Amino acid sequence: MKNNWELKWMAWEITEKCNLNCVHCRSSSDIHSPEGLFTLDKCYKLLDEIKTFANPVIVLSGGEPLLRKDVFDIAKYGTELGFRMCMATNGVLVNDEVCKKIKESGIKIVSLSLDGSTKEIHDDFRGQPGAFDGVMRAAEYFRKHEIPFIINSSFTKRNQHDIENVYKLAKKIGATAWYMFLIVPTGRGEEIMKELVSKEDYEDILNWHYEMERDEEDILVRPTCAPQYYRIWHERSKEEGKDTKRRSLKFSTGGGKGCIAAQSICFISAKGDVYPCSYFPISAGNIFEKSFKEIWDTSKLFNDIRDFKSYEGKCGKCKYLGVCGGCRARAYAVTGDYMEEEPFCDYIPENYIRK
């Protein structure tokens, strides 16, 4: 039976080494962590295999990918195969030489993480003094070398008050897009369950984002790991009945759906484990044990997630299931069952009766 799920985007942890200690990170990596199992030859082999069945955007991540000495060899090889190669960095190690290599290797765009509009807020979140200065410096280098960059921002209770200021700063420093992440409690995140944004605040933040996006013309903005936003988007767009064509174009850039883990995206760890997304703690299989294509096409985990009709709780009864789906990783983190309802959604479907 032919699998119709097309891989369009893939994050790849090419090293476990990292020079920061971020509070929300799924990994417990540090500067002394091992590189991982991907030798350069194995990196090339994986890229060759992916090319046989898909042509996704590939994001080289970590850890901190710039700690891997052959990162630009990997990027160049992927570029030569025709992939759109990207990189996610915390910015601390960016300089003129790094920028030169980014351009030479064919990397199309770089993402930077910015979790606060001030040193105090960002450095506290990142667990490293000087992290904020590193982001600002990296953005300056990217502007100098005309390298497009995205700003990714993660929020919990400790920094949610700063969301609008971070958005404004992302625009000010020249980002082409700003992605607001409402974090999923995995990895180190399990230790900050009490810091997670409340259901009520979640709803308020997503409604703020809708209003901000409605008037935003300069950069692409998108809430990430917040699939219920697309329920809000549909509700409010229908109520307002105006400017829907322009907003639909923006909406379509997100694939028209909230959570797309295991449907068009995945994450590969430095050990070769394949996950629905970078926040999901259960592996669908290991590429050193079976082919990536086999995992993508046939793994029980991926196909469970793709079976929307089997979602449980209010998600399974919701009329917005097709555009939202809830966060499967968040459901697993809170309930232990990835098919359960999204625990941070405040919406109750019509005629839904709690058992």
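Definitions and cut-offs
Residues numbered from 1 in each chain as written. Predicted model: local features only at pLDDT ≥ 70, side-chain atom pairs only at ≥ 80, totals over all residues. Heavy atoms only, no water. Phe/Tyr/Trp six-rings, centres within 6.5 Å; stacked < 30°, edge-to-face > 60°. Lys NZ or Arg CZ within 6 Å of the ring centre and 35° of its normal. Helix = DSSP H or I, 4+ residues; strand = E, 2+ residues; numbered from the N terminus. Contact = heavy atoms within 4.5 Å. Buried < 20%, exposed > 50% of the residue type's maximum accessible area, 1.4 Å probe, protein only. Pairing = 2+ DSSP bridges. Core = buried A, V, L, I, M, F, W, Y, C linked by side-chain atoms within 4.5 Å. Salt bridge = Lys/Arg side-chain N within 4 Å of Asp/Glu carboxyl O. Axes fitted to C-alpha atoms, helices over the stretch in contact; angles between N-to-C directions.

J.: I would appreciate a short explanation of the packing of aromatic side chains in the present structure.
T.: One pass over the structure, following the stated rule, counts 17 aromatic pairs. Aromatic ring contacts, followed pair by pair, group Trp5, Phe308 and Tyr311 into a single cluster. In this arrangement the basic side chain of Arg306 is found over the ring face of Trp296, its NZ or CZ atom lying 4.7 Å from the centre. We note Arg328 situated over the ring of Tyr311; from NZ or CZ to the ring centre the distance is 4.2 Å.

J.: Help me understand the environment of Glu203 in this model?
T.: Within the element layout of this structure, Glu203 appears in helix H7 (residues 199-215). For the pair Glu203 and Asp346, spaced 143 residues apart in sequence, the C-alpha to C-alpha distance is 7.1 Å. In contact with Glu203, other than residues within four places in its own chain, are Arg231, Ile232 and Asp346.

J.: I'm lost on the pairing of strand S8 (residues 265-268) in this one. Help?
T.: Walk down a regular strand and you will see the side chains alternate between the two sheet faces. Burial along S8 is two-sided: Ile265 and Phe267 and Cys266 and Ile268, pointing in opposite directions, are all buried. Relative to S8, strand S1 (residues 9-13) runs parallel, the two being bridged by 4 bridges. What sits directly across from Ala11, in S8, is Phe267. Of the strand pairs in this sheet, S8 and strand S9 (residues 273-275) are connected by 2 bridges, and their pairing is antiparallel. Each bridged residue has a counterpart across the sheet, and for Phe267 the counterpart in S9 is Tyr275. Taken together, S8 and the strand that follows it, S9, pair antiparallel across an intervening segment of 4 residues, in which Gly272 is found at a positive phi of about 95°.

J.: Teacher, can you tell me more about the nonpolar core here?
T.: One finds Trp12, Phe142, Trp178 and Phe292 to be the most contacted residues of the largest nonpolar core, which totals 103 residues. Sequence-distant contacts of Phe292, that is, excluding residues within four places in its chain, are made with Leu7, Met10, Leu46, Glu49, Ile50, Phe53, Cys266, Ile268, Val274 and Ile287.

J.: Looking at this model, I keep getting lost on the pattern of salt bridges. Mind explaining?
T.: Side chains that carry opposite charge are capable of pairing whenever their charged atoms lie near each other. Overall, the coordinates contain 18 salt bridges when judged by the stated rule. For Lys171, the salt bridge identified is with Asp218, shortest N-O distance 3.4 Å. Of this pair, Lys171 sits in helix H6 (residues 163-172) while Asp218 sits in the loop between H7 and strand S7 (220-224), placing them 47 residues apart in sequence. When salt bridges with common partners are traced through the structure, they connect Glu211, Arg214, Arg236 and Glu240 into a single cluster.

J.: It is not clear to me how helix H13 (residues 328-335) should be interpreted in this structure. Could you clarify?
T.: The α-helix winds at 3.6 residues per turn, so residues separated by three or four positions along the chain end up facing the same way. Buried residues of H13: Arg328, Ala329, Arg330 and Ala331, and no others. For H13, the elements touching its buried residues are strand S6 (177-182), H7, helix H11 (300-306) and helix H12 (313-317).

J.: Is there a simple way to explain the sheet that holds S8 in this structure?
T.: Sheet strands line up and pair through hydrogen bonds in the backbone, either parallel or antiparallel. With mixed pairing, 10 strands are arranged side by side in an open sheet as S7-S6-S5-S4-S3-S2-S1-S8-S9-S10. Each edge of the open sheet is held by one strand with a lone partner, namely S7 and strand S10 (285-286). Against the sheet, H7 touches S6 and S7, its axis set at about 170° to S6.

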